Every structure is written in C-alpha cells, then in structure tokens.
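Observations on the three-dimensional arrangement
Single-letter residue listing:
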Amino acid sequence: MSDRDPSDMSPREGCPVHDWATDFDVMDEGYIKDPAPVWEELRDKCPIAHTTRWGGAWLPTKYDDVREMARAAPTLSNRSPGVIPPAPEMRELLIAEVKEFGSELPPISADPPEHKPYKQLILPLFSPKAVEEYRAFTENLANELIDKHIASGKMDAAVDYAQQIPPRVIAYIIGIDPGRADDFTDWTRGIIELGQTDPEARMKYRRLIRDFFQEMIEERRDNPRDDAISKLMAAEINGEKLSDYSVIGVCFLLLVAGIDTTWSSIGSALWHFGTHEDDRKRLYAEPEILPTAVEELLRYYSPVVMARRVLDPIKFGEADMVPGEKVIMNFPAANRDPDVFDRPDEVVLDRERNRHIAFGVGIHRCAGSNLARMEMDVALRVWFNRIGEFEVTDPDAVRWTGGQVRGVRTAPMRIKA
Amino acid sequence: MRICVDADKCEGHNRCYSLAPELFEVDDLGIASALNDGHVPAGLEAKADLAIANCPEFAITIVEE
Ligand code: HEM
Ligand code: SF4
C-alpha cells in the first residue's frame, strides 16, 4: 500500500462521471444542483464510495458511517479540512507555516490536543446567552434590507437578503466594520467558492484576509477594545499568549465560516418557500412551527461539507483508507439516510424528531451553531412578517454553488407587502 | 422519570436546552446538564423525550422510567 500524494490531481478532472461508486466528482454540475439521487444510489450500492479525482477521496453516504468517521480523530485528521486539496505551492507554504506557528485556522484545522483550547476560547462568543445579544442587531438589519426593496415589488432573496445578513453580524461580533461587508463576502467567496478550483485566487484572498487581520491587530496592540479580536489577543493557552499568526487564524476562520454557510442556509430556506406554495402557506398559517421548520430546512438543505485527511491506514466497512487520502464528511447525505429519517427526501416542516447533523458531530461541532440558528430564525421571521406574498419568478434561473458549501446564489422573487 | 446528560458525549449542540429549557441548562461552553438532578417534573415527560430524540450526540439517557 503506497501513500497517495494529495497534490497529484488526476488528469480526469472535468470528465463526465460514469460510475459514482468508483469515480465520484463533488464538483460535477448535476451533483451540485441535486446530489440526493446520487446518494440514494450509493447507499444501496456502495455506501462508502471512492474516487481518484481531486487527489483521491472517500464519500460516505450513511448516517452511522459519517458519525463514526467524524469521531475518528486524529487518524482522520482535520489538518486540511478543505474538500478540494490545496495546489502544490500552497501546500508547501502551509506545511512550512504549520511547522513554525501551529495550526493554520484553529480550531477547524487542529487535531487533539491542540484543538480544544482554541475551541474553548471561541465558544463563549456563541453561547445561547451571547447570541441573544446579537438578535436586535440582526432584526434591524433584516428589516432595513426589506425596507430597501419592498416598494419595488421584487427582490433577490439570495443576493439582496440572505447574502447581506451573515457578514454584517459576524463583523459586528469580531469587531470589524460591518460597512465593509461586501469586501468580506468577496474574500470569503474567493476562498470557499472560487478558491476551490483556482489556486491563484485561493492564495490571493488568503493574503488579503491575513493582511487585513494583521492590521486590525496592530490597531488594537496598544488600545485594546471590547471585541473578539482584543479578547483573542489577551487570551492565553497553556500560560502563553497566542501568536499573531494564531489570532489571525482564528479570526479568519470566524469570518469565513460565518458567511458562506449561513447565507446558504437562509437562501436555501427562502428558495424552498418561494417554490413550495404548500409550505409557504403553512408557515404563514402556523408561525409557531418556525423552530422545527428551521431544523428541518437545515437537515434537508444541509449546506456544509468538511473533509478529513487520512493519517494512518484505517478501515470502515469495505473501505480501506490510505494515508494522504481525503474523507468527505458528508453530513448532507447522512441527513437523508432512510434508516434514520422517515420520508428523508421530503421537507416536513413540523418534523419533531430530527437528530440531523448539519452542524457536524463530535469535537468539531460547529462553534457558530447557536448563532446560525438565531440568524435563520430572525431572517425567516422578519421575512414572513413583512412580506405578505412572495414567489420565485423563474425557478430555472436559480444557481447553486457547491463543493465545500452548497447553497442558492440567486433567487429572484416577486414580493408584496 | 429521571434523565442524565453524559458530559463526555455532550458537544454543546444546545438542542436539549432550546427544546426544554425547563429541564436543561447549558454553560458558556455549551455543555448541558439536567436540572433538578435529572428528575423530570410530571407533565414534562414528552419534552424530555423530544430532547433525547434530537440530541445529535446521543448524550441524554433515561436513568429511571
Ligand atoms: C447554517 C450555518 C452553518 C452550518 C451548516 C455550519 C456547519 C459546520 C460544520 C458541519 C462544521 C463541522 C466541521 C467538521 O466536522 O470538520 C462547522 C464547524 C465550525 N463552524 Fe460552522 N456552520 C454554520 C455557521 C457558522 C457560523 C455562523 C459560525 C460563526 C462564526 C461558524 C463557525 C464554525 C467554526 C469556528 C467551526 C469549527 C469548530 C471546530 O473545529 O471545533 N459556523 N460548521
Ligand atoms: S443536545 Fe445533546 S449534545 Fe447538545 S447540549 Fe444537549 S446534551 Fe449536549
């Protein structure tokens, strides 16, 4: 068994997939649009599929397998959590940096024992109590966005609404200027969307974000403020202050993890209501089911996939994993497993028993899950309160993005107060 | 009915607390514990059951029916 060099991308990128069990491609256009039929086929045929594309990867589709893999740290390591591995130059740079400074984007890129202290530093920012303090800010924001568009009778629920909320909320929490939200969104897309397949973009936006946070650190070095950056600068792990490299890494992660993800979940939820009249009517008639509806939409449209890197040989079922390969933590497919969920491919707005894992499981459970839930709750509540009637004007005009994060990127709607 | 949160399994998803704040509390790190030493007041059994069914870590168990 030889180690696979993850930078050795197979020459078949871009070729059509003939057999999803042995040759899947998470960047395939049809898969990005609607991955559920592929998962359904794989669960029966080959529940842990393999591909040599993108440097070699495994794709589990059963709930129990995904859970078990999520708990297999550090044999399945988080040191390179991107679904698409970095290009060779980037990889060299990262290896050198990590050697010198530690994990690049802690806690997501850290394994035990390095992981826990970083996670504990950021969790208090996102506790249920802390998150309630950001609710009023989020409500104002959502109302202002609707004020801006309501008279025109049309609004792109993804671009004009969903996309606008998370960058401002996370900027407010980190302590950076919410007025620069458009920049933050561009940078995040540069990393998470464009950067997946464009190594130069990945490098460029990474530089931009790191330089930006270095500047924020300098501004606070002698004059600490009451914000997350200053708190991280003052924090200690094992009796030592964090290096600038680590403070930047944590802030970088909070910015990027807080934007694309929640924007996608709000966008997909509104897309759903804009194309499903029955569910739309139901939520207008029974607003009290919003909390279960939010969980159900998180389950059904699960926007986030993360990856692990195999460090030592390990076997799950029939899957013999080789060091260097990726394992795609397919939380979205787990959430459609018929062994766990009744009618998995239906949206059931009042589904009460819903043990979905859209936010992951185990030690890397999404640190921002309470925040994301609050943002979804506010975004949908304000939308349904302020808008009396709405519908997607052209269902074929919708565009989905995929890979690491799946979500609706444009959803033009007709709206009426 | 008496329930218990296994602190080793709990990863702080806060599903229990948001479904049944009468039965659980969570600390700043999101880790949950059962209020009232796990004793579920009469009438809240269904809520306890829901919390159990929604915990992604299977961290909540019934210790006494
Ligand atoms: C609906 C929106 C969101 C979804 C579906 C989501 C999903 C996820 C998932 C699945 C993971 C686990 C990754 C793994 O196992 O490797 C994760 C980790 C993380 N998320 Fe989120 N996320 C969302 C929003 C947010 C927000 C708003 C923040 C706020 C800053 C955030 C911050 C983080 C952080 C810091 C981690 C790393 C935790 C760790 O490694 O211990 N996320 N997220
Ligand atoms: S739902 Fe489960 S994991 Fe989450 S806080 Fe409650 S006990 Fe812990």
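Residues numbered from 1 in each chain as written. Chains lettered and ligands numbered in written order. Predicted model: local features only at pLDDT ≥ 70, side-chain atom pairs only at ≥ 80, totals over all residues. Heavy atoms only, no water.

Quick look at the packing of helix α11 (residues 181-197) of chain A against helix α12 (residues 199-221) of chain A now. All names here are of chain A. Put simply, α11 and α12 touch, their axes get as near as 8 Å, and they point 150° apart. With respect to their mutual orientation, α11 and α12 come out roughly antiparallel. Note that α11 runs across α12; the crossing there is left-handed. Across the interface between the two elements, Phe184, Asp186, Trp187, Gly190, Ile191, Leu194, Gly195, Gln196 and Thr197 from α11 touch Pro199, Ala201, Arg202, Tyr205, Arg206, Leu208, Ile209 and Phe212 from α12. (Axes fitted to C-alpha atoms, helices over the stretch in contact; angles between N-to-C directions. Helix = DSSP H or I, 4+ residues; strand = E, 2+ residues; numbered from the N terminus. Parallel < 35°, antiparallel > 145°, perpendicular 65-115°, else oblique. Left-handed = near helix turned anticlockwise from the far one by under 90°. Contact = heavy atoms within 4.5 Å.)

Confidence in the prediction for chain A averages 93 pLDDT; 96% of positions are at 70 or higher. Scored below 50 in pLDDT, residues 1-12 of chain A makes 29 contacts in the model with residues more than four places away or belonging to other chains. (pLDDT = per-residue confidence, 0-100.)

Our next topic: the packing of aromatic side chains. All names here are of chain A. A complete count under the given rule lists 19 aromatic pairs over all chains for this structure. Ring centres 6.3 Å apart and planes at 90° place the aromatic pair Trp271 and Trp400 in the edge-to-face group. With Trp271 in helix α14 (residues 244-275) and Trp400 in strand β12 (residues 399-401), this residue pair connects regions lying 129 residues apart in the sequence. Judged by relative accessible area, which is 14%, Trp400 ranks as buried. (Phe/Tyr/Trp six-rings, centres within 6.5 Å; stacked < 30°, edge-to-face > 60°. Buried < 20%, exposed > 50% of the residue type's maximum accessible area, 1.4 Å probe, protein only.)

Taken together, the contacts link 23 residues of chain A with 18 residues of chain B. Where chain A abuts chain B, roughly 1800 Å² becomes buried across the two surfaces, and 46% of that area is made up of carbon and sulfur atoms. When residues of chain A are sorted by the area they lose upon contact with chain B, A:Arg353, A:Arg355 and A:Arg365 head the list and together hold 33% of the total. Summed over the shared surface of chain A and chain B, the result is 3 salt bridges. Between A:Arg353 and B:Asp49 there is a salt bridge whose closest N-O contact spans 3.0 Å. Taken together, chain A and chain B are joined by 12 residue pairs in polar contact (both at pLDDT 80 or more). Looking at the side of chain A that touches chain B, the elements that each hand over two or more residues are α4 (63-70), α7 (128-132) and α18 (369-386) of chain A. Classifying every residue of the side of chain A that touches chain B gives 7 nonpolar, 7 polar and 9 charged. (Buried area = accessible area lost by both parts, 1.4 Å probe. Salt bridge = Lys/Arg side-chain N within 4 Å of Asp/Glu carboxyl O. Polar contact = N/O pair within 3.5 Å; in protein donor to acceptor, adjacent residues only side chain to side chain. Nonpolar A, V, L, I, M, F, W, Y, C, P; charged D, E, K, R; others polar.)

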